[in-house]
Amino acid sequence: MKSVEIALSNNRRISVVDYLKGFSIFTIALMHLLQMMSNVPSKIIKLSAIGGTGVHVFFLCSGFGLYLSYLNKKTTYIELLKKRFIKIYVPYIIIVLISFFVPWMYTGDDRIPALLSHVFLYKMFIPQYEQSFGTHFWFVSTIIQFYIVFIPLCLLKKKIKNNSIFAFLFLMISVFWWVLCYKAGVTDIRVWNSFFLQYIWEFALGMILAEILNEGRRIKINAIALAVLAVVGIGLQAFMAMKSEALKVFNDIPALIGYTSLALLLMMIPNIKKSAEWLSKISYEYFLVHILIFASILHFTPKDSLVVQGIVGVIGIAVAITVAFFYHKLVNKITKRNV
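So, a few notes on the structure that sits alongside this text. This structure is a prediction, so every number in the text was calculated from the model and none was measured.

Calculation notes
- Residues numbered from 1 in each chain as written.
- Predicted model: local features only at pLDDT ≥ 70, side-chain atom pairs only at ≥ 80, totals over all residues.
- Heavy atoms only, no water.
- Salt bridge = Lys/Arg side-chain N within 4 Å of Asp/Glu carboxyl O.
- Buried < 20%, exposed > 50% of the residue type's maximum accessible area, 1.4 Å probe, protein only.
- Helix = DSSP H or I, 4+ residues; strand = E, 2+ residues; numbered from the N terminus.
- Pairing = 2+ DSSP bridges.
- Contact = heavy atoms within 4.5 Å.
- Core = buried A, V, L, I, M, F, W, Y, C linked by side-chain atoms within 4.5 Å.
- Patch = residues over 30% accessible without salt bridge, like charges linked within 9 Å, V, L, I, M, F, W, Y side chains within 5 Å.
- Areas by Shrake-Rupley, 256 points an atom, 1.4 Å probe, with all protein chains shown as cover.

### A closer look at the pattern of salt bridges
Pairing between side chains becomes possible if they bear opposite charge and their charged atoms approach one another. As enumerated under the stated definition, the model contains 5 salt bridges in all. Glu-130 is the partner of Lys-123 in a salt bridge, and the nearest nitrogen-oxygen pair spans 3.2 Å. With a closest N to O distance of 2.5 Å, Glu-215 and Arg-217 form a salt bridge.

### Quick look at the pairing of strand E1 (residues 3-6)
Burial of the side chains of E1 is restricted to one face: Val-4 and Ile-6 are buried, whereas none of Ser-3 and Glu-5 on the reverse face is. Two elements, E1 and strand E2 (residues 219-222), share 4 bridges in a ladder whose sense is antiparallel. Counterpart to Ser-3 in the pairing with E2 is Asn-222.

### Thoughts on the environment of Trp-278
Checked against the element boundaries, Trp-278 lands in helix H13 (residues 270-280). By relative accessible area, Trp-278 is classed as partly exposed at 38%. Through-space distance from the C-alpha of Trp-278 to that of Gly-22 is 7.1 Å; in sequence the pair is 256 residues apart. If we skip the residues at most four places from it in the chain, Trp-278 touches Ile-321 and Phe-325.

### With respect to unusual backbone geometry
Peptide bonds are trans in most cases, and residues, glycine excluded, mostly fall at negative phi. Residues other than glycine seldom take positive phi values, yet Asn-39 does so here, at roughly 65 degrees. Examined against the element boundaries, Asn-39 turns out to sit in the loop between helix H1 (15-36) and helix H2 (42-52). Although it is not a glycine, Phe-133 sits at a positive phi angle of roughly 65 degrees. Position of Phe-133 relative to the elements: it lies in the loop between helix H6 (127-130) and helix H7 (138-159).

### Considering the nonpolar core
Core analysis: the largest hydrophobic core is formed by 102 residues, its most contacted members being Tyr-92, Phe-133, Phe-150, Tyr-286 and Leu-288. Here the element with the most residues in this core is helix H10 (residues 196-214); it accounts for 12 residues. Non-local contacts of Phe-150, meaning those with residues more than four positions away in its chain, are made with Leu-66, Tyr-67, Tyr-70, Leu-80 and Phe-203.

### Considerations on a nonpolar patch on the surface
On the surface, Ile-112, Leu-116, Phe-120, Tyr-122 and Phe-125 cluster together into a nonpolar patch covering about 530 Å² of accessible area. You can see Leu-116 is positioned in helix H5 (residues 111-119).

Structural data, given as structure tokens:
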């Protein structure tokens, strides 16, 4: 019976994590593309939302990667923020600056205040600016929030040696946040439904997995189990989303389980695995540039022709990957010089 085995390699990397990052960014970008195209049937738009679930995997992988690195080389709070500033903030703000000069990337008359909200990062507290210049930029706000609390999380993890207690604690924190957002009626406001407490249980789970694998243990899941988890998880996610928009704030658990299980199943197909692992190398750069590329190309595409937009969309994916590849090389030069 086919199965997926997760283990730490000799070069201290987890190939499954690389694959999941590449697979996730592809489905997220595909979802954004379909949502930006005119005349796409509403059922396809709703179905494409499953691709956006890949963001949960990103938070899981972020907690995993950061903590695995921390376990092997302790870092100070200032050192962590400096490295993250160079690797995350600098590439991000460059794309924001480029988007600022592209007329169709922001239509408000407060363009300069919107730009400043990105530069100084206070946009994460102002709904009208959180997704300015790109609907995906909310993710950067959330991941920076995690960087701010990461070292305290590491110290707490050291005190709470029991992984079950650590996982339960942060699951309860997230559940509390979900209930708070639901009761306050803010589940559809990005600065609330994407605050780091929404996803902290996934980040903490990533830290636990990093510790387990760092100890030399292996995780093995067979294909039948993955198939069952994929069907149940995605089914529950879809049911809650269709039942009520407000209930979507509660569907993170089935979303992560269902999406990850489906991704791991597809990993058994060699071509998908190889492509996703390659894309993972430029995943952050692809994430940053894809909305700008798609919006710019579709801006000049006839709005009344879905076929033409579809063809242009495929071209847009290729262009975005190409731009991300070269942007990745530029970012590497900057980070190697300053880190």
